[in-house]
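# Results of the structural survey
If you want the building blocks of each chain, they are given just below.
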Amino acid sequence: MSSTERRARHAGATVALVAWAALSVFPLYWMLLTAFSPQADTVAFPPHFFPRRLTLDNFAWLFSHAAIGRWFVNSLAVAASVTAGSLLINAMAGYAFAKMRFPHRELVFWMLLSLLMVPEIVMLIPLYVVVNDLWLSDTFFVLIVPFLASVWGIFLIKQFLQTLPDALLEAARIDGASEWLIFRKIVLPLAKPVLGALGTFTFVGQWNSLLWWLLFTSSAEMRNVQVGLASLRFQYATLYGPLMAGALLAAIPMIVVFFAFQRSLVRGLTIGALKG
Amino acid sequence: MRGVSKRYGETRSAFVQAVDDVSIDVSQGQLAVLVGPSGCGKTTLLRLIAGLEKPDAGDIVIDGRRVNDVESKDRDVAMVFQDYALYPHMSVYDNMAFGLRARRVARSEIDSMVRTAAETVGVNALLERRPRELSGGQRQRVALGRAMVRSPKAFLLDEPLSNLDAQLRARLRIELAELHRRLGTTMVYVTHDQTEAMTLGDSIVVLSDGKVQQAGSPGALYDDPDNVFVAGFIGSPPMNLIPDGNGRLLGLRPEAMGVVDARSAEARFEAIAGVTEHLGFERLVHASARATPIIMRMPPHAQPPQPGSTFGIAFADPAVARFDEGTGKRIR
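What comes next is a walk through the structure. Residue positions within a chain follow its written sequence, with the count starting from 1. Chains carry letters from A onward and ligands carry numbers from 1 onward, assigned in written order. Only residues with pLDDT of at least 70 get local features here, since the model is predicted, and only at 80 or more are side-chain atom pairs given and counted; chain-wide, interface and lining totals rely on the full set of residues. Calculation of side-chain values draws on the structure's entire complement of heavy atoms; hydrogens and water are dropped beforehand.

Contact residues are listed per partner, giving 22 residues for chain B and 16 residues for chain A. Contact between chain B and chain A buries roughly 1,600 Å² in total, counting both sides, with carbon and sulfur atoms accounting for 67%. Two parts lose some accessible area (1.4 Å probe) when they are put together, and adding that loss for both gives the buried area. When residues of chain B are sorted by the area they lose upon contact with chain A, Tyr-87, His-89 and Phe-98 of chain B head the list and together hold 30% of the total. The salt bridge criterion pairs a side-chain nitrogen of Lys or Arg with a carboxyl oxygen of Asp or Glu, the two atoms within 4 Å. One can count 2 salt bridges joining chain B with chain A. A salt bridge links Arg-47 of chain B to Glu-170 of chain A; the shortest N-O distance between them is 2.6 Å. In protein, a polar contact means a hydrogen-donor-capable atom and an acceptor-capable atom, both N or O and within 3.5 Å, with residues adjacent in sequence counting only if both atoms are side-chain atoms; elsewhere, any N or O pair within 3.5 Å suffices. One can count 7 residue pairs in polar contact (both at pLDDT 80 or more) joining chain B with chain A. What makes two residues a contact is simply this: any of their non-hydrogen atoms within 4.5 Å.

Next comes the structure, spelled out in structure tokens:
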């Protein structure tokens, strides 16, 4: 290949990548722009691609006319309790499946795994009926407890813990440690990479949860951020300014979590990749 | 251990008899070595003593107490694993202190106990390091230190030197013997290496196929093997086993045979010489007698027989051990 040809290819690739990057960044830019523009500018036609006037009115509106504070608290409380609780429960179950001997261990595990094949959507209507019959609708209970154990989480942790040498646990047992102490002092610290990844996935998933909250909560104070923001869209109009301001606020925890756990996220994605 | 058996496997027809009716007695303060080829059941025996496995039959008694149903942590033994099994996320200090903390020993006591043990195994300069920052030999010392820190009734060592290179292995072997002499604690040591067994053991138990082949002092096993397995396993090179033509095997140690002229009166039978290895302090003469390969030991300056030549083998009758060719058992 001649050097002119190489330079031409290089330029082509650069142009394509810049176009792709612009395409990806534009929606984020639009969100930012809309969040800080007055209502009139957000619905102007033709649209303004550059800010004309900047304002914090949309944020003020969110706090005065919508219960965004409450939505945030709800989202955060549920996402945090589900993450903490499910990490503990999935870790205990994954540890048991990986390292403990009990009758029909494999059979039970495969039965659990087969649950992954049933799409969640299929179970929604029966679950709705059950929750209503138990008078649990519109409670934190129904938002948290069903997610405290997940087959996927158990599977991920089991795969990871299987790579721990048995001798470590046996050494601790001979050293005089109880099963709980072994779990707390040996297993949990060594499982940090997988717990970090699973915790991040769980938190993000819970934070972005829309359908479950939409279905099982009805009162205004039981909304999370996502449902709350969706409620800013009416049949004939959408309050784009406040909606985008809210979306911007809702993205902040995600960005924080992502940067804090970036390393364990990448490690978590490759767990089991070598062992098949 | 009295009549201990252990089998692995789910069904009655498909199983492995790892340990088969084994009785062993290790006296207090002794260093007993369990030795045998891989798969002979020696590690299973150690795990049975540690309480990591439960016997299917028989009794395990430690210090006069039957411990079959006693949990590992209450048996007051410590184990050193083949791969060391150091807790990777803890410093050397925390590794050694873990067992003491689990047993709720007072913090001030833990500190002095850890430092004493670290001193004994020579790792006191490494207390803040993580296991992955240590060399193989250092890890082994930490594992030993972790085992001895709470002064258990017995140490169980599972091939502790097998992951080290030959030089380090020889040095740590001496250190282990020295440690045992100083501490005077009962040790049960598992290895597949007969040299390690001979140099370390006060008493040696030779195992094969889950059964005890012979137990005794290193000297007794060497001089007086009970069967052809022990004769062929103990000693390097091992005992030569030459058929006498009457359904018996003549067991002769390499150093019990002399090279003489084939026609001389001393020659008990003929052999054809092969190559000679010169090891500095001795020569090993490979030869073939009655279609059986044999190895003889000669002093370094003696003239070895020419390869391909025929020579006579001389030996004194008391040096011969006779075995039944069919059963492999010693004929006394």
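Picking up where we left off.
Let us now look at a nonpolar patch on the surface. All names here are of chain A. Taken together, the side chains of Leu-88, Ile-89, Met-92 and Trp-180 define a hydrophobic patch exposed on the protein surface, amounting to about 360 Å² of accessible area. Helix and strand definitions follow DSSP, with helices as H or I runs of at least four residues and strands as E runs of at least two, each counted in order from the N terminus. Counting residues per element, the nonpolar patch draws most heavily on helix 4 (residues 68–99), which supplies 3 residues. In this fold, Trp-180 is placed in helix 10 (residues 179–190). Think of it in three bands: with a 1.4 Å probe and only protein chains considered, a residue is buried below 20% of the maximum accessible area for its type, exposed above 50%, and partly exposed in between. On the accessibility criterion, Trp-180 (47% relative accessible area) is partly exposed. Note on patches: the residues involved have over 30% relative accessible area and no salt bridge, like charges join within 9 Å, and the nonpolar side chains Val, Leu, Ile, Met, Phe, Trp and Tyr join within 5 Å. Only the protein chains shown count as cover for residues, and all accessible areas are computed by the Shrake-Rupley method using a 1.4 Å probe.

On to helix 9 (residues 166–174) of chain A. Of the residues making up helix 9 of chain A, those classed as buried are Leu-168, Leu-169, Glu-170, Ala-171, Ala-172 and Ile-174 of chain A. Buried positions along helix 9 of chain A lie against helix 4 and helix 10 of chain A together with helix 1 (42–50), strand 7 (77–80), helix 2 (92–102) and helix 4 (136–148) of chain B. A positive backbone phi angle near 105 degrees is found at Gly-176 of chain A, which sits one or two residues after helix 9 of chain A.

We now examine the sheet that holds strand 9 (residues 186–191) of chain B. Residues and elements named next belong to chain B. Following DSSP output, two strands are said to pair if at least two bridges run between them. As summarised here, the arrangement of the 6 strands in space is 7-8-9-3-10-11, forming an open sheet in which the pairing is mixed. The open sheet has two free edges, formed respectively by strand 7 and strand 11 (211–216), since each of these has just one partner strand. When strand polarity is set aside, the average angle formed by the axes of neighbouring strands in this sheet is 15 degrees. Alignment of strand 3 (residues 31–35) against strand 9, held across 5 bridges, turns out to be parallel. Within strand 9, the position partnered with Val-35 by the bridge is Thr-191. Axis lines are fitted to C-alpha atoms, over the contacting stretch for helices. Their N-to-C directions set the angle, which ranges from 0 to 180 degrees.

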